[in-house]
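Structural description and commentary
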Amino acid sequence: MHYRKFIRKVLMFLLTLPVFFFIFFPVLWLFSASLSTQVELFSVPIHWIPQHITFQNYADIIFPDQAVSSVPRTYAIALLNSIKIASSVTVICLIIGSFAAYALTRIPFGFNRTIQLGILATRMIPEVSLILPLFIIASSLQLINKPIVLIITYMSFALPYTIWLMAAYFQTVPIELEDAARLDGCSRLGILFRVVMPISVPGLISTAMFVFLLAWDEFFFALIFTSTLAAKTVPVAIAEFIGRYVVNVNGMMAGGILAAVPPVIIALIFQRYIVSGMTAGAVKG
Amino acid sequence: MAVNTKSLPKRQLTLRQQDARTAWLLLIPSLVVILGVTLWPVISTFILSFFNAPTGINQVRTFVGLENYTDMLRDQTFWDTIGRTLYFTVVSVGLELAIGLAVAQLIHSHPWGWQFLRISLIVPWAVPTIVNGAMWRWIYSADFGALNGLLMQLGLINHYIPWLSLPNMAMNLVIIADIWHTMPFVALVLQAALATLPEDLDEAAAVDGANAWQRFWRIRVPLLRPAILVALIVRTVDAFRVFDIVYIITAAGPAYKTLTITYLTYLNSFTFGKQGTGAALSFLISLFTIIMAFVYIRILYRPEDS
């Protein structure tokens, strides 16, 4: 009966092929198109692999000269904006969010469960329900196009998420460690900084990764709160390639690859944290 | 995820008070932020939904009571949009669950390369939503798209088709793009859940003569129910508020055939200059979300867990 097992293995393997095709066909085509000239991209029948590989689409974005139109020229600025904003959101959320998560999981003060459930509920409130008042107040404070307005508003989804993930992580920290430190005369804050935080580094790393990816991905707030090319983040910059009259397809492809590379690499490096984070946080679909 | 209050020994009252003070101190920064960027805006939006609030300088808001809501409920566009949004939600979440479960089971049966398959799933998940949308927009392109190129080479079509201009196709094409991006999440969560199931149940059923198909549906799927429900709710909440991917692929076209509820809210608030209507619409989206959140909490906090 050994051969039946073998046939089963082969059949199962054959079933993975369409899945691999579905996963990789779009990205590989995107990559191939980003290396094509405009002429070759529009050729019929389709050139799956460009005959003349060009890096011009990337060069236009990374080293813009005067000849290029304003959208690719500012793409590098958008990349910097995105890095700046996503990192700031991550750092701020990690600090204040893990404080809150610790208080909620480990210091009983009577409202732990209520506040934790409240935070879970706010995590699910859609951005569109927050945008109008935030937009009105940001306009009146002249904060439109300032990175700070995105950093602050991104916390509406990033902070509850951080608290949620860190709370799940702190629950796995053995309470005996804290009790021992407490008996040694350590204060609550001392326990948090000297005992709990150091052993929660894996949790902090995986939470940081999720929050960074969420902030990198964010589109709606960035679309509303930025109007100048200099203030845009990467997702908005990519949408900008679809101009009113012309669409810069090659630029959009190269820009798309550049926007996708950082999160994909981060996710692949930290892949062993991803599934546990997904189940604990279950938020980024 | 119950907060464990019992395992802490009872201490003197002063110590408890000190603890409570520390807790609030640690919580205050987060609570202030959540109050400022979430609670206040939500309440404020709700209040705004009772006003006629045109956009622009020197525009005066007038209280109109429930008019924004009654106008909305009388408007055929609203109901069409709800219908389209529900169609998107049901079809994309349904297919994501079905494909995700199948892929999870496929990985679970450990064919050659299953580890590579599991890592591969991370790629579509990590690609930003807007890049995903842009990518599929060009795959569907009428002039040079990969879909046309592929179908042409396979001999299935003999001229390029403007896929995204076909009124009955556009929404389905957006759904395919959405599935590419979000199915991996479902597959990875369900695969992780499958890996934790006890194997002896499965083996016992096999001894009793249950075939692989029966074991999958009668044993594994019922045991996976909590994981499936969590994935279902998270994805439903997300899908119902879909915006980014529609914006980039079709911009609600052709002829508003892919207009979803969040998109309609966006148009009212920022293009048509009807903030009151936008606020009323976004309140409805919140309401749906809150109901789903409630269901979610009920599932996560079943009595036997606490």
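The structure displayed is predicted, hence computed values, not measured ones. (Residues numbered from 1 in each chain as written. Chains lettered and ligands numbered in written order. Predicted model: local features only at pLDDT ≥ 70, side-chain atom pairs only at ≥ 80, totals over all residues.)

Comments concerning the overall build of chain A
Across its full length, chain A holds 15 helices and zero strands. Relative to the compact-globule value of 19 Å for 285 residues, chain A shows a C-alpha radius of gyration of 24 Å, a clear excess of over 25%. In terms of principal-axis extent, the alpha carbons of chain A reach across some 75 × 75 × 30 Å. Intrachain contacts of chain A at a sequence separation of at least 6 include 74% that bridge at least 24 residues. (Helix = DSSP H or I, 4+ residues; strand = E, 2+ residues; numbered from the N terminus. Rg over C-alpha atoms; globule rule 2.2 N^0.38 Å. Contact = placed C-beta atoms within 7 Å.)

Focus: the overall build of chain B
Helix and strand counts for chain B stand at 13 helices and two strands. Projected onto its principal axes, the C-alpha coordinates of chain B cover approximately 80 × 75 × 30 Å. Counting across all 306 residues of chain B, residues that qualify as buried make up 41%. Look at the contacts in chain B between residues 6 or more apart in sequence, and 70% of them connect residues 24 or more apart. (Buried ≥ 20, exposed ≤ 12 C-beta atoms within 10 Å, placed from the backbone.)

A word on the domain arrangement of chain A
Residues and elements named next belong to chain A. Here chain A is partitioned into domain 1 (2-54) and domain 2 (70-281). Its C-alpha centre places domain 1 at a distance of 33 Å from the equivalent point of domain 2. Contact with domain 1, which involves seven residues of that partner, is made by six residues of domain 2. Mapped by element, the contributors of at least two residues to the side of domain 1 that touches domain 2 are α1 (2-34) and α2 (38-41). The dominant element in the side of domain 1 that touches domain 2, judged by the number of residues it contributes, is α1, at four residues. Of the residues contributing to the side of domain 1 that touches domain 2, the split by class is four nonpolar, three polar and no charged. (Domains from an automatic or database assignment. Nonpolar A, V, L, I, M, F, W, Y, C, P; charged D, E, K, R; others polar.)

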